[in-house]
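Each chain, letter by letter, is given below.
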Amino acid sequence: MVPMATKTQDLSALWKQILDLFRNEMSPTSFDTWLRPSRAVAFDGQTLTVAAPNAYARDWLESRLSNGLRRKLVGLLGRHVQVRFVVQPQAEPTAEVAAAEPASLPPPLPEEWLEAAPATEEAEEEDLPSLPPLRLHPRYTFETFVVGPTNEFAYAASRAVAERPGQTYNPLFIYGGVGLGKTHLLQAIARATRAAGYRVAYLSAEEFFNHFFQAIRNHQMDAFRLRFRRVDLLLVDDVHFLIGKERLQEEFFHTFNALYYEGRQIVFTADRPPVALAALEERLRSRFEWGLIVDIQPPDYETRLAILRAKAEHMGLRVPEEVLDRIARHLEGNIRTLEGALNRLRAYGELRGRPITLEAAEAILADLFPRKLQVDPQRLLRMVAEEFEVTVEQLMSTARSRKVVLPRQVAMYLLREDARYSFPQIGHFFGGRDHTTVMYACEKIARAYERDEALRKRIRRIRERLYSAS
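All residue numbers refer to position in the chain's written sequence, counted from 1. Whole-chain, interface and lining totals are the exception, using all residues; otherwise, since this is a predicted model, local features are given only for residues with pLDDT of at least 70 and side-chain atom pairs are given and counted only at 80 or more. Here the side-chain values reflect all heavy atoms present in the structure, with hydrogen atoms and water set aside.

### What about the overall build of the protein chain?
Scanning the protein chain from terminus to terminus reveals 23 helices and eight strands. Should any heavy atoms of two residues lie within 4.5 Å, those residues are considered in contact. Here the contacts in the protein chain between residues at least 6 apart in sequence split such that 73% fall between residues at least 24 apart. Put simply, the protein chain shows about 24100 Å² of open surface, and 51% of that area lies on carbon and sulfur atoms. Secondary structure follows DSSP: runs of H or I at least 4 residues long count as helices, runs of E at least 2 residues long count as strands, and numbering of each begins at the N terminus. Using the Shrake-Rupley algorithm and a 1.4 Å probe, accessible areas are obtained, with residue cover drawn only from the displayed protein chains.

### Focus on the nonpolar core
Membership of the largest hydrophobic core comes to 31 residues, with the highest contact counts inside it found for Val384, Phe388, Val410, Leu414, Phe430, Ile459 and Ile462. For this core, the elements supplying multiple residues, two or more each, are helix 18 (377-388), helix 19 (392-396), helix 20 (402-417), helix 21 (423-429), helix 22 (435-451) and helix 23 (453-468). Per-element accounting of this core gives the leading share, seven residues, to helix 20. Discounting residues that sit within four places of it in the chain, Ile462 has contacts with Met383, Val384, Glu387, Phe388, Val410 and Leu414. Take the buried residues of types Ala, Val, Leu, Ile, Met, Phe, Trp, Tyr and Cys, join any two whose side-chain atoms come within 4.5 Å, and each joined set is a nonpolar core. In this scheme, a residue with accessible area under 20% of its type's maximum is buried, one over 50% is exposed, and one in between is partly exposed, where area comes from a 1.4 Å probe on protein chains only. Ala215, Phe252, Ile266 and Ala270 belong to the second largest nonpolar core, which has 29 residues in total.

### Focus: helix 15 (residues 321-330)
All of the buried residues along helix 15 are Val323, Leu324, Arg326, Ile327, Ala328 and His330. Among the structural elements, helix 14 (301-315), helix 16 (335-352), helix 17 (358-364) and helix 20 are those in contact with the buried residues of helix 15.

### Brief notes about the sheet that holds strand 1 (residues 39-43)
Each pair of strands is called paired provided DSSP finds at least two bridges between the two strands. Taken in spatial order, the three strands line up as 1-2-3 in an open sheet, and their pairing is mixed. In this open sheet, the two strands that pair with only one neighbour each are strand 1 and strand 3 (82-87). Within the sheet, the average angular offset between the axes of one strand and its neighbour, ignoring direction, is 30°. Sheet topology note: the strand 1/strand 2 (residues 47-52) ladder contains four bridges and is antiparallel. Bridge pairing in strand 2 places Ala42 opposite Thr49. Helix-sheet contacts for helix 4 (residues 66-77) involve strand 1, strand 2 and strand 3, and the interaxial angle to strand 3 is about 130°. Note on geometry: axes are lines fitted to C-alpha atoms, helical ones only across the stretch in contact, with angles between N-to-C directions running from 0 to 180 degrees.

### Digging into the packing of aromatic side chains
Stacked, edge-to-face and tilted are the three classes for Phe, Tyr and Trp ring pairs, Trp counted by its six-membered ring, which pair at centre distances within 6.5 Å; planes under 30 degrees apart are stacked, over 60 edge-to-face, the rest tilted. Inspection of the entire model under this criterion finds 21 aromatic pairs. Summarising the aromatic geometry, the rings of Phe142 and Tyr155 are spaced 5.9 Å apart at their centres and angled 80° between planes, so their arrangement reads as edge-to-face. Note that Phe142 is positioned in the loop between helix 7 (121-124) and helix 8 (152-163) and Tyr155 in helix 8, a separation of 13 residues in sequence. On the basis of relative accessibility, which here comes to 6%, the residue Phe142 falls in the buried class. In this structure Tyr155 comes out as buried when scored by relative accessible area, which is 17%.

### Side note on the packing of helix 14 against helix 16
In contact at an axis separation of 10 Å, helix 14 and helix 16 are set at 45° when each is read in the N-to-C sense. One finds that helix 14 runs oblique with respect to helix 16. Regarding helix 14 and helix 16, the two cross each other, and that crossing is right-handed. Along its contact with helix 14, which presents Arg304, Ile307, Leu308, Lys311, Ala312 and Met315, the element helix 16 presents Ile335, Leu338, Glu339, Leu342, Asn343 and Arg346. Basically, the charged four are Asp, Glu, Lys and Arg, the nonpolar ten are Ala, Val, Leu, Ile, Met, Phe, Trp, Tyr, Cys and Pro, and anything else, Gly included, counts as polar. Looking at the contact of helix 14 with helix 16, its residues break down into seven nonpolar, one polar and four charged. Our angle categories are set so that under 35 degrees counts as roughly parallel, over 145 as roughly antiparallel, 65 to 115 as roughly perpendicular, and the remainder as oblique. Two helices that cross are described as forming a left-handed crossing if the nearer one is turned anticlockwise from the farther one by less than a right angle, and a right-handed crossing if clockwise.

### Structural notes on the packing of helix 20 against helix 22
Two numbers describe how helix 20 lies on helix 22: the axes approach to 8 Å, and their chain directions differ by 95°. Regarding the angle of helix 20 to helix 22, the classification is roughly perpendicular. Across the interface between the two elements, Leu406, Gln409, Val410, Met412, Tyr413 and Arg416 of helix 20 pack against Val438, Tyr440, Ala441, Cys442, Lys444, Ile445, Ala446 and Tyr449 of helix 22. Of the residues that constitute the contact of helix 20 with helix 22, the class distribution is 11 nonpolar, one polar and two charged.

### A short note on the sheet that holds strand 6 (residues 233-237)
A sheet is described by the order of its strands in space; here five strands give the open sequence 5-6-7-4-8, paired in parallel fashion. Because the sheet does not close on itself, it has two edges, and the strands there are strand 5 (200-204) and strand 8 (292-296). Neighbour-to-neighbour, the strand axes of this sheet turn through a mean angle of 15°, independent of strand direction. Sheet analysis places strand 4 (residues 172-176) next to strand 8, joined by five bridges and oriented parallel. In the strand pairing of strand 8, Phe173 is matched with Ile293. The strands touched by helix 8 are strand 4, strand 7 (265-270) and strand 8; relative to strand 8, the strand with the most contacts, the crossing angle is about 135°. Across the sheet, helix 10 (residues 205-217) touches strand 5 and strand 6, and the angle it forms with strand 5 is around 105°.

### Quick look at the pattern of salt bridges
Any Lys or Arg side-chain nitrogen located within 4 Å of an Asp or Glu carboxyl oxygen qualifies as a salt bridge. Within this structure, the stated rule accounts for 16 salt bridges. Among the salt bridges present, the one from Glu387 reaches Arg458, with a minimum N-O distance of 3.2 Å. With Glu387 in helix 18 and Arg458 in helix 23, this residue pair connects regions lying 71 residues apart in the sequence. Look at Glu387 and you get buried, because its relative accessible area is 18%. Taking relative accessible area as the criterion, Arg458 reaches 27% and is therefore assigned partly exposed. Three or more residues joined by partner-sharing salt bridges are found here, namely Lys16, Asp20 and Arg23.

Note that every value here comes from positions in space, so none of it alone points to a role or purpose.
Structure, rendered in structure tokens:
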């Protein structure tokens, strides 16, 4: 057996790295009580021996940190290494010892201790209950996720978790509306970590409930707990499903604790942030807030266009750029809406055998695009004025204050985008303004619409009134 480390300083450096990793994950009290007094005393290349000052500390470390320590060693050394905990009180060093050169490593452990340890991580897990099958969509990978300003933080956090499970952002809580990419990121984490050899459980909160219910009915709660509390990563989609299920919340709370305190990675998704899950138990909701909370917003225009291009390419669908631009500008919902529009165009092309043109797309997606309303300009002005709390007379005036200029530009933008008025027509309507002034106003609002959520909501409210009006 060839020793991997031959000097005390090598072992000390390794142990210092391990302590630094755990220091960021444990409470200061637990770290100072249990881990700081321990030390690495031997490493023969296959087994790291950790000495605790007493039997209580040894038992605590063995029950709480053994798996987390092995995972960290995999990250540091690139292979599985066994960990052995022993009791070895640390004597106070004499002045002579303190001044001496570092000594060589202590002698190897007794042979019977080495034989008692499982040979590999896999051997230890042979008797664990099987996990739910990983039903992963082949397209849900990090490589196929289209990153934009509204999702880049969630994407970066997910990649960090996949690269260093249990070491950063634990737990990770991703929230956002339907069809914005939460499940995509969750499955990308599952795929990447499973490929790296981690034991991964990925399921929805409803599936977790089904397993829980079956375990109760079949008197198999011990197996249920062993199955979900011995994973390296627990990924749960739609945790808002837990609301109203008290027994399930109780079990979920203890599962969370068991995983968290052993340094195992937990990732959740929901349709709202933890603070908005008011119907959940306070203690469970507070644990969701322990780690990193990130949101995914609806994609902006550039991201929508990139998503459409990527999906069209994957479908083998040839769509003119002007059609993709039209869809990206006017379908502001979720990614599923964009994909649904492309599916319609593909069906048209396959069934009719005709190329997809802008005119054809306008007809096929007519119910998705904003209607070309025969809008009474005065009624539109009243709606804009009411939304921005100004008067119609102020909108039509030459006043240059921001209070008036912004709603006036919004009115121009809506007349252009929804009522399909030309730039000269809009300029004439607003007292003979030059068409270049109207163009500037429309372009300015179009840019602001993509980055200003408050303005976007106001314009949506105006449009809702326009579309619902008879």
